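Below, each chain spelled out in residue letters.
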Amino acid sequence: MVRHGRNTALRVFLAAALIQASAVATFVDPAVLEACPGYSATNAKTRRDGLTADLILGPKPCNVFGNDIQKLSLSVVYETADRIHLKITDPSSARYEVPESVLPRPSSQNTVSSQSAAIRFNYTTSPFSFSIYRASTHEVLFTTAGHSLIFEPQYLRVKTRLPSNANIYGLGEHTNPFRLPPDNTTLTLWSRDAYGIPTGTNLYGNHPVYFEHRTTGTHGVFLLNSDGMDIKLTNSDPGGPALEYNVIGGVLDFYFLAGSESDPTEVARQYAEVVGVPAEVPYWTFGFHQCRFGYQSFVDVANVIVNYSAAAIPLETMWTDIDYMDRRRVFTVDPDYFPLPRMREIVDYLHSHDQKYILMTDPAVAYLPGEGYAPYDNGKALDVWLKAPNGSESLGVVWPDWFHPAIQQYWTLEFGSFYNPQTGIDIDGAWIDMNEPRTRDDFLDPQYAINNANGELSSKTAFTNIKHANGLLEYDTHNLYGTMMSVGTREAMLARRPGNRTLVITRSTFAGAGAHVGKWLGDNFSLWEHYRFSIAGMLGFASIYQVPMVGSDICGYAEDTTENLCARWAMLGAFYPFMRNHNADTSIPQEFYRWASVAQAARNAIDIRYRAHRWYTVVHPLWFKYPKDPNTFAIEHQFFFGDSVLVSPVTDDDATSVSIYLPRDIFYDFASLAPVLGTGSNITLHNVNFTQIPLHIKGGVVLPLRAESAMTTTALRRNDFEFVVAPDMRGEASGKLYIDDGESIVPPSLTQVVMTFKDGRLDVSGSFGYATGVNVSRVRFLGVTSSPKQVSVHGKVALRSQYSYDAASKVLDVLIGEPFVKGFSVQYNTH
């Protein structure tokens, strides 16, 4: 009775400490949570590769959002030398965990000794806390010391200390700065239809992973949990800076990644080992894509295709939004405005011109029993629809249950029928949307309310008390819906063209989605602010979440763009991995050819994109390349396209000048190829007109380029190569080039080339299994201080007519003109 009385008093105190910070979100006085007793570790059993222990709840439990679990199980496994897997579960009850079918776990068959690991686990028995530290330096990377562990049926809380002013990246999807503000920032993970991508709110996807970068190294932390959560960054708590997880279900399933003390890209590779390496996509997908919600008929679509050609702007892929559907019904065409014969003619035309076509496919299927609507009838026959608690399959429309054992059969059948090459619309890729999923309101309310911008958990989405075919609740799996649809769609597309890579672009994602699909950043506005947002969003997905095929709606989706904004955005968008112009039916048309300046900006930028593109081109933040330079840690409006091209767009509204940061290194202006010495400071570039984007080549690379651009990527692959040698401060450079057929999942042949430059000599060597069918036209040596006395190709002295030197730009051009079927060498001597 006394114990009960104390609990009652504590709960009264807790109730007073709970404040509704908004209409829904719960704020708790941190002092209340810190006063909770936590757990004590007992029965610890240590192995060479980890340990297990029981965690016993301390006296006077808080029961802050439900009853504290009395006993927990702790498991720690050193899965690799760079990865620790730590898991805390309730042994008395089967709690929800992310299914292996959704996110297959990395192998733990070849565990390592804790003594050989780059990071190590340490713990305190009572109250239980743990830390992860770097073995080489004993630097603590994650520690719960001084912060109580709370584990309740619908509330889990873990809190770690952070360094002052910590450099934290990730925990998306959001439109916060790329480097997260370290104080008073809440990141909420709960998928929603986030029109306008408002800052400081939860958006479409959920990636509970962060990278923390320090001058001493970079590490990563991934919480494998798909329940809703708030992750809070605070800089002013009494206990010091901290990061706190507040999760409304599931278990604590952490992966700690050692990263590297010198190379930030290592932690990205380690994270990809956990969630899956990004899916390869066809070469053509890196071309320019055009779409619009609001093309009124097949005639509009055809005119856009013709107008791009007339404007000499390369158009690789034409897209059509839901306008083509009959009364918005998926897997149908409007018989009057988008009749099937005319749509097939458009696809045939595109394919005959080496261009592609993509349509929107939504998950919601019209509820039309007895009306002969095959997509509904087929799903009904297989019983694959998501059902309400009362058994009803209609939630306004019907939604595929991606956990149903027959769901892939259904989805592949519908794709195979509607997108049939002989009788339907022969699409080349897929675009899926509204897969948060977005629908109507209901209510299921845990005691801890996350900061969901839509209010209650079920607001504007599927009811969270729905039970899936396998017994799992939508409450736990809501954040997985988009990724599961993505996987199902990719499988359906692969079944249409077996053996070939495909492209699927989705809106909603969870950790691991990049192993299957690409992502567009949702319904932005035609605002300069959203133009700037897009860079951080792209960097988050490409460099942190391992979804590298990513881009924003160029020129903005909603509201009316302006000529200047669209010109700048066309050039910035040319350096997104996924480049698509797309806008809404309520906005003015914004195809690039609508304005002369935008058309020229697009031609200029696409020319560079196509010439510089290699299929593995991704984007990187500056600190990935300059991890010891603190000035780069917060930069989010400059980035590297691939390993070597520094992109510094003009970002101020309607401006023609931009202040850019150049680290202490040698760079080369991409347009003139002249050397530019970076001093670790900002410089201002003036008179940057609306058809130019500042680009610099980082010293130390050999950059393979196509000698000329083309109107399609098919034509581009028939153009010769040239090699640009950009030496570093030591006069050295290197590079790699990979070429295959651009479409096979398992290419029948490969060409893999390595380039090295030192002491005035370029050596190109490798294996040349894939026949490129092109020549090496020339080699361009940058930073050559004087005209060479002698140039040699393959060890033979070149004729004077074979090379030229520009003293102003310090560029030496050497003509090669030989088939790219073997290695070669070029050397020059200025003495």
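Residues numbered from 1 in each chain as written. Predicted model: local features only at pLDDT ≥ 70, side-chain atom pairs only at ≥ 80, totals over all residues. Heavy atoms only, no water.

Trainee: Tell me about the state of the cysteines, and name the residues and values.
Mentor: Throughout this description, disulfide means a covalent bond between two cysteine sulfur atoms. Summed over the entire model, instances satisfying the criterion amount to two disulfides. Through a disulfide, Cys36 is tied to Cys62; the S-S separation comes to 1.9 Å. Here Cys36 and Cys62 share a disulfide; its torsion about the S-S bond, -120 degrees, makes the bridge left-handed. Note that Cys36 is positioned in the loop between α2 (30-34) and β3 (39-47) and Cys62 in the loop between β4 (50-57) and β5 (71-80), a separation of 26 residues in sequence. Given the relative accessible area of 5%, Cys36 is considered buried. Classification of Cys62 by relative accessible area gives buried; the value is 3%. (Disulfide = S-S within 2.5 Å. Helix = DSSP H or I, 4+ residues; strand = E, 2+ residues; numbered from the N terminus. Buried < 20%, exposed > 50% of the residue type's maximum accessible area, 1.4 Å probe, protein only.)

Trainee: Could you give an account of the sheet that holds strand β10 (residues 150-152), with specific residues and numbers?
Mentor: Taken in spatial order, the five strands make up an open sheet running β10-β11-β17-β16-β13, and their pairing is antiparallel. The open sheet terminates on both sides in strands that have one partner only, identified here as β10 and β13 (185-189). Across this sheet, the average inter-strand angle for adjacent strands is 15 degrees, counted without regard to direction. Sheet topology places β13 next to strand β16 (residues 229-234); five bridges connect them, and they run antiparallel. Residue pairing across strands places Thr188 opposite Asp230, the latter belonging to β16. (Pairing = 2+ DSSP bridges. Axes fitted to C-alpha atoms, helices over the stretch in contact; angles between N-to-C directions.)

Trainee: Could you give an account of the sheet that holds strand β24 (residues 518-520), naming the residues involved and the relevant values?
Mentor: In space, the nine strands of this open sheet follow the order β25-β24-β23-β22-β21-β20-β19-β27-β26, with parallel pairing throughout. Unpaired on one side and paired on the other, β25 (550-551) and β26 (553-554) mark the two borders of the sheet. Bridge count for strand β20 (residues 317-320) against strand β21 (residues 356-361) is four bridges, and the pairing is parallel. Counterpart to Trp319 in the pairing with β21 is Ile358. Of the strands in this sheet, β21, β22 (429-432) and β23 (504-506) are in contact with helix α9 (residues 481-496), which crosses β22 at around 160 degrees. (Contact = heavy atoms within 4.5 Å.)

Trainee: Let's hear about the nonpolar core: which residues, and what values?
Mentor: Residues Phe222, Ile425, Phe592 and Ile697 are the most contacted members of the largest nonpolar core, which totals 159 residues. Once residues within four sequence positions are removed from consideration, Phe592 is found in contact with Phe288, Tyr308, Ile313, Ile554, Cys555, Cys566, Ala570, Met579, Asn581, Val598, Ala599 and Ala602. (Core = buried A, V, L, I, M, F, W, Y, C linked by side-chain atoms within 4.5 Å.)

Trainee: Explain the packing of helix α6 (residues 374-382) against helix α7 (residues 407-418) residue by residue, including any values.
Mentor: One way to put it is that α6 packs onto α7 with a least axis distance of 10 Å and a crossing angle of 160 degrees. As summarised for this structure, α6 and α7 are arranged roughly antiparallel, according to the angle between their axes. Crossing hand, α6 versus α7: right-handed. Residue-level contacts link Ala374, Pro375, Asn378, Gly379 and Leu382 of α6 to Gln409, Tyr410, Leu413 and Glu414 of α7. (Parallel < 35°, antiparallel > 145°, perpendicular 65-115°, else oblique. Left-handed = near helix turned anticlockwise from the far one by under 90°.)

Trainee: A description of the side chain of His174 should follow, citing residues and the corresponding values.
Mentor: With respect to the helices and strands, His174 occurs in the loop between β12 (167-172) and β13. On the basis of relative accessibility, which here comes to 14%, the residue His174 falls in the buried class. Other than its neighbours up to four places away in sequence, His174 contacts Leu180, Leu187, Thr201, Leu203 and Tyr545.

So, to be careful, I would describe these as geometric facts and stop short of saying anything about function.
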